[in-house]
Amino acid sequence: MTIIQSILPIIVSLIAGYGLGKLLPQRANTLLIRLIGPLVWLLLFLIGSEFGEVISTAESAGKVLGTSLSFAVLATVIPGALIFATRPRSLRKATGHQGFRWTHLWHPLRECVVAVAMVALGCGFHLANKALFDGGVSLPTSSTFLLVLIVLVGVDLAETKLGSQWFTWRNLSIPVLVVAGSILAGLLASLMTGETLRTSLALTSGYGWFSLSSVLVGDELGQTYGTMALMIDLARELLAIVILYALGSSHPHAGIGSAGATALDSTLPIIKQACSPEAVPTAMVSGLILTVLAPIAITTALA
């Protein structure tokens, strides 16, 4: 019953957004979808404000950073390695590809820098609010704000054009292996760090969706673990970018798997550039499925 109560608001918000996206004209949908980026930044600010007290102490900050890095490496590399092992002959990059350019890294890196900056600003606000106003300035909770953002994600999904030919077992097996690899990463991380299996599985089940995992984990396990979830999934995105450029030309499926849920949005341009346009449908299907599964996987692990 707890799982249903935790997942239901998210599912309802996603379905409501999807229905809204189908009813509204495309111009209105486009305007709403453009709000996702700025609203994610605002959500991160709220998260930073809520977690400011946790990371303000040196002991907590050291624990969060060290443990988060271990989890991020395992949760990124293991799913990619599983796909790499089962796909020795992945899609080949289209001829005439322009190759790597440093300028192609600017957009995803900028997004990561902005995300970290917004969390830092939120932390700074928390400290200033506590010092100057004794915590008297109140802000909306990140949990409530997350549901608003998920409605807009649903609108975005309504605009995604997926053909039936995209849903082949070859494509569907990628998110399956990502889920399996993330579970294995949680098991190994639990042994390495001493965290409970429940906590470890929750921390590896965000699939890169940091704005979701940080809120869900933080609400259940406390602010320290919410901060860890945020850092883990941010680091997963950065590591996925490295893997995409390293393996994208010969093993794009492994890169797509490493990207997790972000293959549907923030790393999709990288996938198109580092792999090939042929890999885009595969990335969108994998990212879409993992986006839907992330809240279910986290809440199930925390039950």
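Everything quoted here is computed from the prediction, not taken from an experiment.

Parameters at a glance
Residues numbered from 1 in each chain as written. Predicted model: local features only at pLDDT ≥ 70, side-chain atom pairs only at ≥ 80, totals over all residues. Heavy atoms only, no water. pLDDT = per-residue confidence, 0-100. Contact = heavy atoms within 4.5 Å. Phe/Tyr/Trp six-rings, centres within 6.5 Å; stacked < 30°, edge-to-face > 60°. Helix = DSSP H or I, 4+ residues; strand = E, 2+ residues; numbered from the N terminus. Buried < 20%, exposed > 50% of the residue type's maximum accessible area, 1.4 Å probe, protein only. Axes fitted to C-alpha atoms, helices over the stretch in contact; angles between N-to-C directions. Parallel < 35°, antiparallel > 145°, perpendicular 65-115°, else oblique. Nonpolar A, V, L, I, M, F, W, Y, C, P; charged D, E, K, R; others polar.

Draft legend 1. Region of interest: the confidence of the model for the chain. On average, residues of the chain score 82 in pLDDT, and 84% of them are at 70 or above. In the predicted structure, residues 91–98 sits below a pLDDT of 50 and forms 20 contacts with residues beyond four places in sequence or in another chain.

Draft legend 2. Quick look at the packing of aromatic side chains. Counted according to the given criterion, the structure contains one aromatic pair. Where Phe45 meets Phe125, the ring centres are 5.7 Å apart and the plane angle is 50°; that geometry is what we call tilted. Placement of the pair is Phe45 in helix 3 (residues 36–55) and Phe125 in helix 5 (residues 106–133), with a sequence separation of 80 residues. On the accessibility criterion, Phe45 (18% relative accessible area) is buried. On the basis of relative accessible area, Phe125 is assigned to the partly exposed category, the value being 24%.

Draft legend 3. Quick peek at the environment of Glu220. Counting through the fold element by element, Glu220 comes out in helix 9 (residues 210–221). Residues Glu220 and Ala303 lie 83 residues apart in sequence; the distance between their C-alpha atoms is 9.4 Å. When neighbours within four sequence positions are excluded, Glu220 is seen to be in contact with Arg198 and Leu302.

Draft legend 4. Expanded view of the packing of helix 10 (residues 223–247) against helix 11 (residues 252–259). Across the interface, helix 10 lies against helix 11 with an axial gap of 8 Å and an inter-helix angle of 175°. On the basis of their axis angle, the class for helix 10 and helix 11 is roughly antiparallel. Contacts between helix 10 and helix 11 pair Arg236, Ala240, Ile243, Leu244 and Leu247 from the former with Pro252, Gly255, Ile256, Ser258 and Ala259 from the latter. Of the residues contributing to the contact of helix 10 with helix 11, the split by class is seven nonpolar, two polar and one charged.

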